[in-house]
Amino acid sequence: PIAPIYGEWGSKFEDLFDGADMDIEAPLHPLDIPGHVGPHGDYYNDLVFKELSEAVKDEAPGTLGYRNALRQSLAKLRGRVSDPNDLLPLLQSRG
């Protein structure tokens, strides 16, 4: 997954997903990256959390605007994590 689903970080991310009325294990979220064995490191998790939080900051949890903002940010992160020219795949794979 782009965001961790377990542990302390998982709880933080789950709050964001709950605000969108989305399961953190929703189909938009999981992503297989060749060579990634996890877990994500704190630096990666912090970057992803900040990006998702920034995306929803002007939207009220439980609204369509919040859900759309989170989904759009996840889609953007999916693209970045899948791009070998972006730093995120390296950070995600470093644990």
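Our structure is the block above this text.
First, a word on what this report is: a plain description of the structure on this page. What you see as residue numbers is a count from 1 along each chain, following the sequence as written. Where local features are concerned, this predicted model is filtered to residues with pLDDT of at least 70; where side-chain atom pairs are given and counted, the filter is 80 or more; whole-chain, interface and lining totals use all residues. To obtain the side-chain values, all non-hydrogen atoms of the structure were included, while hydrogens and water were left out.

1. Focus on helix α1 (residues 7-19)
In step 1: Working definition: helices are DSSP H or I runs of at least four residues, strands are E runs of at least two. Numbering for both runs from the N terminus. One fewer than the residue count of a helix, multiplied by 1.5 Å, yields its expected span. Spanning 13 residues, α1 covers 19 Å between terminal C-alpha atoms, matching the ideal 18 Å at 1.5 Å per step.
In step 2: By the burial criterion, the buried members of α1 are W9, G10, F13, L16, F17 and G19.
In step 3: Those residues of α1 hidden inside the fold are in contact with α2 (42-56) and α3 (64-82).
In step 4: Of the residues one or two after α1, D21 is the one with positive phi, at around 55°. Partly exposed describes any residue whose relative accessible area lies between the buried limit of under 20% and the exposed limit of over 50%, with all areas from a 1.4 Å probe on protein chains only and scaled to the type maximum. Throughout, a residue-residue contact means that at least one pair of heavy atoms, one from each residue, lies within 4.5 Å.

2. A word on the pattern of salt bridges
In step 1: Throughout this description, the term salt bridge denotes a Lys or Arg side-chain nitrogen within 4 Å of a carboxyl oxygen of Asp or Glu. In total, this model carries five salt bridges according to the counting rule given.
In step 2: Residue K50 is joined to D46 by a salt bridge in which the shortest nitrogen-to-oxygen separation is 3.1 Å. One end of the pair, K50, and the other, D46, are both in helix α2, four residues apart, so they sit about a helical turn from each other.
In step 3: Look at K50 and you get exposed, because its relative accessible area is 51%.
In step 4: Looking at D46, the relative accessible area reads 26%, which means it is partly exposed.
In step 5: Note that E51 is salt-bridged to R80, the shortest N-O span being 3.2 Å. Of this pair, E51 sits in helix α2 while R80 sits in helix α3, and the two are 29 residues apart along the sequence.
In step 6: Accessibility expressed as a relative area gives 19% for E51, which makes it buried.
In step 7: Residue R80 is classed as partly exposed on the basis of its relative accessible area, which comes to 27%.
In step 8: Put simply, E51, K76 and R80 are held in one network by salt bridges that share partners.

3. Thoughts on α3
In step 1: With 19 residues, α3 ought to run about 27 Å at 1.5 Å a step, and its terminal C-alpha atoms sit 27 Å apart, in line with that.
In step 2: For α3, the full list of buried residues reads Y66, A69, L70, S73, L74, L77 and V81. Across the axial projection of α3, the buried residues extend over an arc of 130°, all falling on one side. Among the exposed residues of α3, those oriented more than 90 degrees off its buried face are L64, Q72 and K76. The arc under discussion is defined with respect to the helix axis, by the directions toward the C-beta atoms.

4. A short note on a negative patch on the surface
In step 1: Taken together, the side chains of E14, D15, D18, D21, D23 and E25 make up a negatively charged region of the molecular surface.
In step 2: Position of D18 relative to the elements: it lies in helix α1.
In step 3: Here D18 falls in the partly exposed class, since its relative accessible area comes to 48%. What makes a patch is a set of residues exposed beyond 30% relative accessible area and free of salt bridges, joined within 9 Å when like-charged and within 5 Å when nonpolar (Val, Leu, Ile, Met, Phe, Trp, Tyr). Each accessible area value is a Shrake-Rupley result obtained with a 1.4 Å probe; residue values ignore everything except the protein chains displayed when judging cover. In this charge count, Lys and Arg are treated as positive and Asp and Glu as negative; neither His nor the chain ends contribute. A single reference atom marks each charge: NZ on Lys, CZ on Arg, CG on Asp, CD on Glu.

5. Considering the environment of W9
In step 1: Mapping W9 onto the fold places it in helix α1.
In step 2: Expressed as a C-alpha distance, the spacing of W9 and H40, which sit 31 residues apart in the sequence, is 9.7 Å.

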